[in-house]
Amino acid sequence: MQRTTLGDFELTVINDGLYYLDGGAMFGVVPKPLWEKKLPADNQNRLHVAMNSLAIRTGDHTILIETGAGNKLPDKTRRIFDTQQTLLSNLADAGFAPEDFDIVINTHLHFDHCGWNTTRRADGTIVPTFPRARYYYQRGELAHAHEQHERDRVSYLTDNYDPLVSSGSAILLNGDAPIVPGIRVQLFPGHTEHHQAVIIESQNKKAAYVGDLIPTSAHIHPTWVMGYDLSPIACINNRHRYYGEAIPERWLTIFTHDPTTPWAYISRDSDGRYLAEPITQTHTQTSSTPSISAR
Ligand SMILES: [Zn+2]
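No experiment lies behind these values; they were computed from the predicted model shown.

Details of the overall build of the protein
A count of helices and strands for the protein gives eight helices and 18 strands. For 295 residues, the compact-globule estimate of 2.2 N^0.38 gives 19 Å, and the protein sits close to it at 18 Å. Dimensions along the principal axes, computed over C-alpha positions, put the protein at roughly 55 × 45 × 35 Å. In the protein, which comprises 295 residues, the proportion classed as buried is 53%. For the protein, contacts bridging at least 24 residues in sequence account for 68% of all contacts bridging at least 6. Charge centroids of the protein, computed over 26 positive and 33 negative side chains, lie 3 Å from each other.

A few points about the pairing of strand β4 (residues 62-65)
In β4, alternate side chains face the same way, and those of T62 and L64 on one face and I63 and I65 on the other are all buried. Where strand β3 (residues 46-57) lies against β4, four bridges are found, and the strand directions are antiparallel. Bridge pairing in β4 places R57 opposite T62. Between β3 and β4, which pair antiparallel one after the other, the connecting turn spans four residues, and G59 there sits at a positive phi close to 105°.

Looking at helix α8 (residues 232-246)
Helix length check: α8, at 15 residues, gives a terminal C-alpha distance of 20 Å against a target of 21 Å (1.5 Å per residue), a fit within 8%. Of all the residues in α8, the buried ones are C235, N238, R239, Y242, Y243 and A246. Seen end-on, α8 carries its buried residues on one side only, within an arc spanning 145°.

Focus on the state of the cysteines
Taken as a whole and assessed by the stated rule, the structure comprises zero disulfides. No disulfide involves C114; its sulfur sits 19 Å from the nearest other cysteine sulfur, which is in C235.

Basis of the calculations
- Residues numbered from 1 in each chain as written.
- Predicted model: local features only at pLDDT ≥ 70, side-chain atom pairs only at ≥ 80, totals over all residues.
- Heavy atoms only, no water.
- Helix = DSSP H or I, 4+ residues; strand = E, 2+ residues; numbered from the N terminus.
- Rg over C-alpha atoms; globule rule 2.2 N^0.38 Å.
- Buried < 20%, exposed > 50% of the residue type's maximum accessible area, 1.4 Å probe, protein only.
- Contact = heavy atoms within 4.5 Å.
- Lys, Arg positive; Asp, Glu negative; His and termini not counted.
- Charge placed at Lys NZ, Arg CZ, Asp CG, Glu CD.
- Pairing = 2+ DSSP bridges.
- Expected span 1.5 Å × (residues − 1).
- Arc of directions from axis to C-beta.
- Disulfide = S-S within 2.5 Å.

These results come straight from atomic positions and should not be treated as a statement about function.
Put into structure tokens, the structure is as follows:
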């Protein structure tokens, strides 16, 4: 758990534990000798990365961005990824009950981003994990999930999102939208066509949960995009669009899959290198990490 403040808002990073992703899938065409210096792989070429959620207390609302992989994965999938199902206990340790949240936002609907939207009970029934919450996701992302395209159908599990549409708990968004004062979503396509970031602003300070636009602090170079990305060129262009605002305005960037640096300020040095500077004013249970640079 790591916590900081942004203006009047309290931001807390909590995760659903670590899981394994293939190193090649995470770095696409980037040669392994370059990326493994930043994120080392194990002897099966796997990276041990996090599923970071962000909880925001605005004073009027309690918001959760992303909900990890949840407890509904088929046994074989769970074994492959070695998911830990720790989001709810980590939320409790950080002082949050499921009933506290009135808003849940998913950047997209891959299983490792919306898994705890719902919970499978012992009797097999599927219930919303956050009973008071409205769940916000993009209508276009939901349509793509339903398409079950052979390229990425394994990433979509219907029980993570369809029951919430049926029950009326889901709010389907059509592009950029304000959610509540200080919280808005903005499309940054590339990972998926309707992938959205969440932009947070209080007292002229800004932060962004950018989802899989920039999954870890090792991915900050604009061309270091993932093999998973459906449109790498859109991803690169949208990173430049993001940096165009986030670097000069010093937005705090939250990384969805970084196991050690969940948030940082992105900057460029005089040689044009992209840098991720971890924040210093934070209450943390893990030791701080050195800044990671990428060319
Ligand atoms: Zn992801």
